[in-house]
Amino acid sequence: MSKNDYILEAQGIHKTYRLGIAEVSVLKGADLAAKKGEFVAIVGASGSGKSTLLHILGALDKPDNGSVRFEGRDLGKMGGGELNRYRNKMVGFVFQFYHLLDELSVLENVVLPAMVSAGVVGWIMGRGNAKKRGLELLEQVGLKDRASHKPYQLSGGERQRTAIARALMNEPKLLLADEPTGNLDSATGNGILELLERLNRAGQTIVMVTHDERVARRAGRIITLADGKVK
Amino acid sequence: MYKLILAIRYLYRRRVSYFALIAVALCVFIVVVVMTVMSGLVGEFREKNHSFTGDCVVGTESLVGFTYYEDFLRKLESTDCVEAASAVIKSYALVGKVGSQRNMGVEIIGIDAATYGRATGFGGTLHYHKDDVSRAFKPTAVVRQAHHLDANLPGFVVGVDMWIWRDEKGEYYFAPNPEATAVTITCFPLTARGALAKAGTDLVNTKTFYFSDTSHSGIARVDGSVIYAPFEDAQALCGMKEPIARASWIHIKFKPMVGIDKGCGKVRKLWGTFYEQNKDKPNGELLAQVKVQGWKEHRREFIAAMEKEQVMLTVMFGLVGLTTIFIVFVVFYMIVSHKTKDIGILKSVGASGCDVVELFLGFAAGLGVIGSAVGIAFGLWFLRDINAIEDWLFERFGFQLWDRTIYAIGEIPHRADLTMMLVVAGCAVLACVAGAALPSVRAAKERPVETLQVSQI
C-alpha cells in the first residue's frame, strides 16, 4: 500500500496536562495512521490518553509535540480559519455524551454543520437541499419521524444516532467517535456499532475510541494505547 | 443562520433572559416617560417664551429705555423680513385696588395691544378679548353699561395668576364678563439720565385703570407678576414720553420663511447703521446700550435653568443605563457559564470564535430590541393616560404629582418624540451589546476540548 492511501497520520504526539503544580504526561510520542475507508479502534485503559489523541486528531486540541497530517497536510501549520473548516468539512465528531444542542430540534441539530459552513445567504439559498440531506440521514439512522423532536425527548440511543447523523452532514472524510457506546446499554450500543459498520462498509473512514475490547473488535483494526504510546 | 436561530431560542428558553429583558424594558420605559415629560415641559416652556417675546427684540434692560424708537420702528416696518414690530415700555409699579390700602409690586409692560398682538402671541393669552386683541384694554360694552364706567379711563390686562382663582386641578374660574374693578398703578418716572423725574410729595405718577382682561402666557413668572397697560399711559407713568420719547424694547416678528438667526442678523445690521446715524443726537447716548437679541437669547436666564435640569436628568438616566449594562453583563456571564457545552459543540462543528461572539452579541442585541420595544410600548401607553392616572391619584389618594400652580401648564406633557424614542431604543440596544461584550469574548475563548470532555483525559 502506498503512503498516499493514508488519510490520517499522527507522528510522535506528546501531550502534557498541568493539574495545579503537578504535570501529567498523557501522550508520550503516540503514532497512528488510518487508511481511507478503514475502521480503526483505539483501545486503552481509562486515562491512557485515547480521547486526548482523538481530540488532537480532530483539531479540538493541539499537541505539545508531534504532527498530525490529514491528506498530507499538517494540521499544525493550518491557521484558525482552516482548522475551523477542517472541523466543519473534513471530520465529523461523535461524542460519548452525544452533545446535542437542546435549543434545536433533531433535524436542526443534524443540519447544524451545514448551517455553520453556509452562512446566512448560503443557508437561505441552500436550506432546501440541506434539510433534504438531513432528513435522508435521519432516515438512514432510523429517526426520520423524530425530526421535529427536541433532543431531551429522545432516548440515549436515539440521541447518539442523531449525533452520528450530524457528524455525517457535511460528508466528512473522517468520522471520529469517542466512546460512542459508552453511555448506552449493550443492545442500544450494538445498534450504534451496526450503524458505524454499515457506514464503514459504504466507504466511511472511522476512528473510534473505546475502552471496551468487545466494542473494539467490531472495527477492522485495533490500536492499543498504553503509557501514552501505541503498542 | 444558526446564530440567529440559537440567539432567538436562548432568548425565550432561558428564564434568566427574561430578567434582563424586564430590566431593559423598565429602563427604557422610565427614560421614555421622563424624557417625554421633561422635553415636553422644556419644549412647551420654550414655545411659551417664544410666543411671549416674538422672534427678536431690540432694546435695553435699563429702566430708562432708549430714544428714537419710532424712527427705528419705521425702518423695521419697511424691511422685507419683518412682519410686525411693536414698541414696549417695561418698568416696575405698585398696584392697588381703588378703595383698598393694600398694594403690591408688579412688573408693568406698556403695549400697543394691536401691534404687540401681531408681533407676539399676546392675543392668544387673553381670556375675554382672544378674538380681538386690539380691544384688550377696553371693557366690554356690557360691562361698561352695567357698571357706568368712565369711557375715558383705560383698561389693564393682568397676569391670570394675580387675578383669577385656580383650583388644585389647574382650572381657572372666570366670570362670564370682566368684573368692574378699578386699580391704581403707581410708577417712579425716570429721566433719560436715570434720575427721578419728580421731587417732593409729587414723586410718583399714579393713574386709575379698569380691569379689562387677564393674560395666561403659561409662564408662571409672567402670569404671577405682570400687568399690561396701554403703551402711552405706561410711557407717561414711567416718565418716558418727554422730552424725547423713549421705549424699553421693540418686539419683532419675522415673516414666515425668515429664519430667526437670519432675521436677527438683518436687524442687527440695520441697528448698526441706525445707531451710527443717531448716536450724536440729543440723548443718543442711550442707543449705545441697546442690544439686538433673538428670543432664545433674550429669555436665556429663564430657559437655561430648565435646559440644565433636562441635561442633569439625562445624565442621571445615563447612570440608570449603566445599571442596565451591568445587569445584562451579569445575566450574560451566567448564560455563558451555563452554555459552555454549547460553545464546545459549535466549535466542534467548525464555528469560529468570532461566530461565538456574534451569537452572544446577536442574542444581546435581540434582547435589547425586544426590551426596548416593550419599554416603549408600555411607556406610550403610560404617557397616553398619564394625566388620567395623575387625576386618579389625586382623587383617590389626594396626592398631586403635578402642581399646576407651579408649572402654569394645564397638563403633563405626554407627546412622545419619535426621534427621542429611537435614540433611547438605540442606546438600550448598545447598552445590551456593551454588557454582553465581555462574556461573549470569554465564550469565544473557551477551548472546546475543555468544555466537552472536562472529566476525561
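Each chain carries its own residue numbering, running from 1 in the written order of its sequence. Chain letters start at A and ligand numbers start at 1, both assigned in the order the entries are written. In view of the model being predicted, local features appear only for residues whose pLDDT reaches at least 70, and side-chain atom pairs are presented and counted only at 80 or more, with totals across whole chains, interfaces and linings using the full set of residues.

Side note on the overall build of chain B
Secondary structure elements follow DSSP: runs of H or I no shorter than four residues count as helices, runs of E no shorter than two count as strands, and numbering proceeds from the N terminus. The helix and strand tally for chain B stands at 18 helices and 11 strands. Against the 2.2 N^0.38 benchmark of 23 Å for 457 residues, chain B shows a C-alpha radius of gyration of 32 Å, more extended than a compact globule. Seen through its principal axes, chain B has C-alpha atoms that stretch 110 × 55 × 40 Å. Exposure classes come from backbone-placed C-beta atoms, where a residue is buried if 20 or more other C-beta atoms lie within 10 Å of its own, exposed if 12 or fewer do, and partly exposed in between. Looking at the 457 residues of chain B, the share that counts as buried comes to 43%. Within chain B, residue pairs in contact and separated by at least 24 positions form 82% of the contacts whose partners lie at least 6 positions apart. Based on C-alpha atoms, the radius of gyration is set beside the globule rule, defined as 2.2 Å times the residue count to the power 0.38. Distance between backbone-placed C-beta atoms decides contact: two residues are in contact if it is within 7 Å.

So, the pairing of strand β5 (residues 155-159) of chain B
All names here are of chain B. Burial within β5 is extensive, with five of its five residues counted as buried. Two strands make a pair as long as DSSP finds a minimum of two bridges between them. Here β5 pairs with strand β7 (residues 205-215) via five bridges, running parallel. Paired with Gly155 across the strands is Tyr210, a residue of β7. Relative to strand β8 (residues 226-230), β5 runs antiparallel, the two sharing two bridges. Its bridge partner lying in β8, Val157 is registered against Tyr228.

Description of the interface of chain B and chain A
At the junction of the two partners, chain B supplies 21 residues and chain A supplies 28 residues. Only α1 (2-13), α13 (340-348) and α18 (448-452) of chain B provide two or more residues apiece to the side of chain B that touches chain A. Here the side of chain B that touches chain A gets six residues from one element, more than from any other, and that element is α1 of chain B. Under the grouping applied here, Gly and all other residues not named as nonpolar or charged are polar, the nonpolar ones being Ala, Val, Leu, Ile, Met, Phe, Trp, Tyr, Cys and Pro and the charged ones Asp, Glu, Lys and Arg. Grouping the constituent residues of the side of chain B that touches chain A by class yields 12 nonpolar, five polar and four charged.

A word on the environment of Lys90 of chain B
Residues and elements named next belong to chain B. Looking at the secondary structure, you find Lys90 in strand β3 (residues 82-97). Residue Lys90 is classed as buried on the basis of its C-beta count, with 21 C-beta atoms lying within 10 Å. Put simply, Lys90 and Thr60 are 30 residues apart on the chain and 9.7 Å apart in space, counted from C-alpha to C-alpha. For Lys90, the contacting residues outside a window of four places in its chain are Ile109, Ser248 and Trp249.

Overview of the environment of Glu71 of chain A
Residues and elements named next belong to chain A. Locating Glu71 in the fold gives a position in the loop between β4 (65-70) and β5 (73-74). Owing to 13 C-beta atoms within 10 Å, Glu71 belongs among the partly exposed residues under this scheme. Sequence separation between Glu71 and Tyr6 is 65 residues; the distance between their C-alpha atoms is 7.0 Å.

Quick notes on the confidence of the model for chain A
Overall, the prediction assigns chain A a mean pLDDT of 87, with 98% of residues at 70 or greater. Within chain A, the element-level pLDDT minimum falls on strand β10 (residues 229-230) of chain A, averaging 84, and the maximum on strand β3 (residues 39-43) of chain A, averaging 92. On a range of 0 to 100, pLDDT expresses the predictor's confidence in each residue.

Quick notes on the environment of Val111 of chain A
Residues and elements named next belong to chain A. Take Val111: it is sitting in helix α3 (residues 106-140). Since 29 C-beta atoms lie within 10 Å of it, Val111 is described here as buried. Sequence separation between Val111 and Ala130 is 19 residues, and the spatial gap between their C-alpha atoms is 6.5 Å. Ignoring anything within four residues of it in the chain, the contact list for Val111 reads Ala130, Lys131, Gly134 and Met169.

Describing unusual backbone geometry
Not every positive phi belongs to a glycine, and Glu179 of chain A is a case in point at roughly 45°. Its location among the elements puts Glu179 of chain A in the loop between β7 (174-178) and α5 (186-201). Even without glycine at this site, Tyr68 of chain B takes up a positive phi of about 60°. Overall, Tyr68 of chain B belongs to the buried group, with 22 C-beta atoms counted inside 10 Å.

Observations regarding the sheet that holds strand β1 (residues 6-19) of chain A
Residues and elements named next belong to chain A. One open sheet holds the four strands; their spatial order is β2-β1-β4-β5, and the pairing between them is antiparallel. Across the chains shown, the open sheet's two edge strands, defined by having one partner strand only, are β2 (22-35) and β5. Relative to β2, β1 runs antiparallel, the two sharing 11 bridges. Note that in β2 the partner of Arg18 across the bridge is Glu23. Simply put, an axis is a line fit to the C-alpha atoms, just over the touching stretch for a helix, and the angle between two N-to-C directions goes from 0 to 180 degrees. Together, β1, β2 and β4 form the strand contacts of helix α1 (residues 50-57), whose direction differs from that of β1 by roughly 125°.

Considering the nonpolar core
Residue and element names in this part refer to chain B. Each nonpolar core consists of buried Ala, Val, Leu, Ile, Met, Phe, Trp, Tyr and Cys residues. Their C-beta atoms, within 7 Å, join them into a set. Formed by 125 residues in total, the largest nonpolar core has its most connected members in Val28, Val328 and Phe360. Considering each element in turn, this core owes the most residues, 13 residues, to helix α2 (residues 15-53). For Val328, the residues in contact, after removing those within four places along its chain, are Ala20, Ala364, Ala431, Cys432, Gly435 and Ala436. Within the second largest apolar cluster, 68 residues are counted, among which are Ile89, Phe211, Trp249 and Leu287.

Things to note about the domain arrangement of chain B
Domain ranges listed in this record stem from an automatic or a database domain assignment. As assigned here, chain B comprises domain 1 (2-46 + 303-452) and domain 2 (61-289). The straight-line distance from the C-alpha centre of domain 1 of chain B to that of domain 2 of chain B is 50 Å.

A word on the sheet that holds β10 of chain A
Residues and elements named next belong to chain A. Pairing in this open sheet of six strands is mixed, and the strands run β6-β7-β8-β3-β9-β10 from one edge to the other. If you trace the sheet from one side to the other, it starts and ends with β6 (91-94) and β10, each paired once. With five bridges joining them, β3 and strand β8 (residues 205-210) adopt parallel strand pairing. Along β8, the bridge assignment pairs Ala41 with Met208. Sheet contacts for α1: β3, β7, β8 and β9 (221-226); angle to β8, the most-contacted strand, approximately 150°.

Brief notes about the confidence of the model for chain B
Overall, the predicted model of chain B reaches an average pLDDT of 85, with 93% of residues at or above 70. Reported for the predicted complex are a pTM of 0.71 and an ipTM of 0.89.

Considering the packing of helix α14 (residues 353-384) of chain B against helix α17 (residues 418-445) of chain B
When two helices pack together, their arrangement is captured by the angle between the axes and the distance separating the axes. All names here are of chain B. Put simply, α14 and α17 touch, their axes get as near as 7 Å, and they point 150° apart. Between α14 and α17, the angle falls in the class roughly antiparallel. The chirality of how α14 crosses α17 is right-handed. Across the contact of α14 with α17, the residue classes tally to 21 nonpolar, six polar and one charged. For classification purposes, an angle smaller than 35 degrees is called roughly parallel, one larger than 145 roughly antiparallel, one from 65 to 115 roughly perpendicular, and anything else oblique. Crossings are sorted by hand: turned counterclockwise from the far helix by less than a right angle, the near helix makes the crossing left-handed, and turned clockwise it makes it right-handed.

A word on the packing of α2 of chain B against α17 of chain B
Residue and element names in this part refer to chain B. Packing of α2 against α17 leaves a shortest axis separation of 10 Å and a crossing angle of 150°. Here α2 lies roughly antiparallel to α17, going by the angle between them. Viewed along their axes, α2 and α17 form a crossing whose handedness is right-handed. On the side of α2, the interface is formed by Val24, Cys27, Val28, Val31, Val32, Met35 and Ser39, while α17 contributes Met420, Met421, Val424, Ala425, Ala428 and Cys432. Tallied by class, residues from the contact of α2 with α17 come to 12 nonpolar, one polar and no charged.

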